[in-house]
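Residue strings, one per chain:
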Amino acid sequence: MSTQNETVAETQAPARTAQHRRYLMCRPEHFTVSYRINPWMEPTKPTDTAKAVRQWQDLYDTYVSLGHEVELIDPVPGLPDMVYTANGGFIIDGRALGVKFRVPERSGEERPFMDWFAANGFDVVEPVEVQEGEGDFLLVGDTILAGTGFRSVGDSHRELGEVFGREVVSLRLVDPRFYHLDTAITVLDPVEGPGGVDRANIAYLPSAFDDESQRILAERYPDAIHVSDEDGAVFGLNAASDGKHVFISPRATGFAAQLAERGYTPVTVDLSELLLGGGGIKCCTLELRGGRR
Ligand code: ARG
């Protein structure tokens, strides 16, 4: 990892405070690209599993070194995409909504994730509608932003609202390279501010959304960071944040500068090997909110 100098940005931008996070990750011991379910995947191109594990370990170590807790789920042979734990569920206040994959290649992951949630003290809700968890659902303050267009179906957004009793805002993705919502939006400040005031902010790639969704995002998040197509194309938005440190790809240099200007500290972690499967930092990170320790 490498951290940018914070002092320069802090003179003009608000000071940011890191909030403790608890994440679920899965070591990519069985990672490879043997099928193609998104435009990034090329099954004929060789992959280097040892390299994927090293890069993944760097992300794990980075989280831990900054004080975050990381839980692990055992990788299952024959499920090469299980490393992308963001697609394993969606969790708020100790309640874990399982997933129902659009793509049959990944359906074998549904049960192991739900079993892990149950064994670790979460209340598990089995989904009825097709959706791919935190890949398409993002908690921003008190609101859930929900993606559709490629993987999660519109009806899953209604189910999501019923399960969590929160406002759900549907957004439509239109570019096949950005097939999950977490490839086009980064949640920067995931929790509410003092007094319940929603200070949460996001960064996003406008061109990944249809006109109506772009209008909704512009209206709800007037202070959002608009990321360039160039930074979007290197999966710059597939990033995690603790409210201060934003974990991003080293290739998203413009986005890193935008973050620093706003007082965030970009922390770069290179997951180039896992990008061959169409996933990055956020895909490998599932947030565990609430539940038993
Ligand atoms: N190969 C995986 C798929 O296409 C990558 C998943 C990336 N995950 C994410 N949260 N965007 O399903």
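Criteria and cut-off values
- Each chain carries its own residue numbering, running from 1 in the direction its sequence is written.
- Residues qualify for local features only when their pLDDT is at least 70, as the model is predicted, and side-chain atom pairs are given and counted only at 80 or more; totals for whole chains, interfaces and linings, by contrast, use all residues.
- The helix and strand labels rest on DSSP assignments: H or I over at least four residues marks a helix, E over at least two residues marks a strand, and numbering proceeds from the N terminus.
- Should DSSP find at least two bridges between two strands, the strands are taken to pair.
- Working convention: axes come from line fits to C-alpha atoms, limited for helices to the stretch in contact. Angles between N-to-C directions cover 0 to 180 degrees.

With an unreviewed UniProt entry as reference, the protein chain is termed N-dimethylarginine dimethylaminohydrolase, source organism Microbacterium marinum.

Asks: So what's going on with unusual backbone geometry? Residues and values would help.
Replies: Look at D93: it is not a glycine, yet its phi comes out positive at around 50°. As for its placement among the helices and strands, D93 is situated in the loop between strand 4 (90–92) and strand 5 (95–97). Phi is positive for F235, close to 65°, though the residue is something other than glycine. Summarising the element assignment, F235 is placed in the loop between helix 6 (229–233) and strand 13 (240–241).

Asks: Please give an account of the sheet that holds strand 9 (residues 168–172) that cites residues and values.
Replies: An order of 7-8-9 is seen for the three strands of this open sheet, with the pairing classed as mixed. Both outer strands of the open sheet, strand 7 (137–140) and strand 9, are each paired with one neighbouring strand and no more. For this sheet, the mean angle separating the axes of adjacent strands, direction not counted, is 25°. Here strand 8 (residues 143–148) runs beside strand 9; their pairing, made up of five bridges, is parallel. Each bridged residue has a counterpart across the sheet, and for L145 the counterpart in strand 9 is V169.

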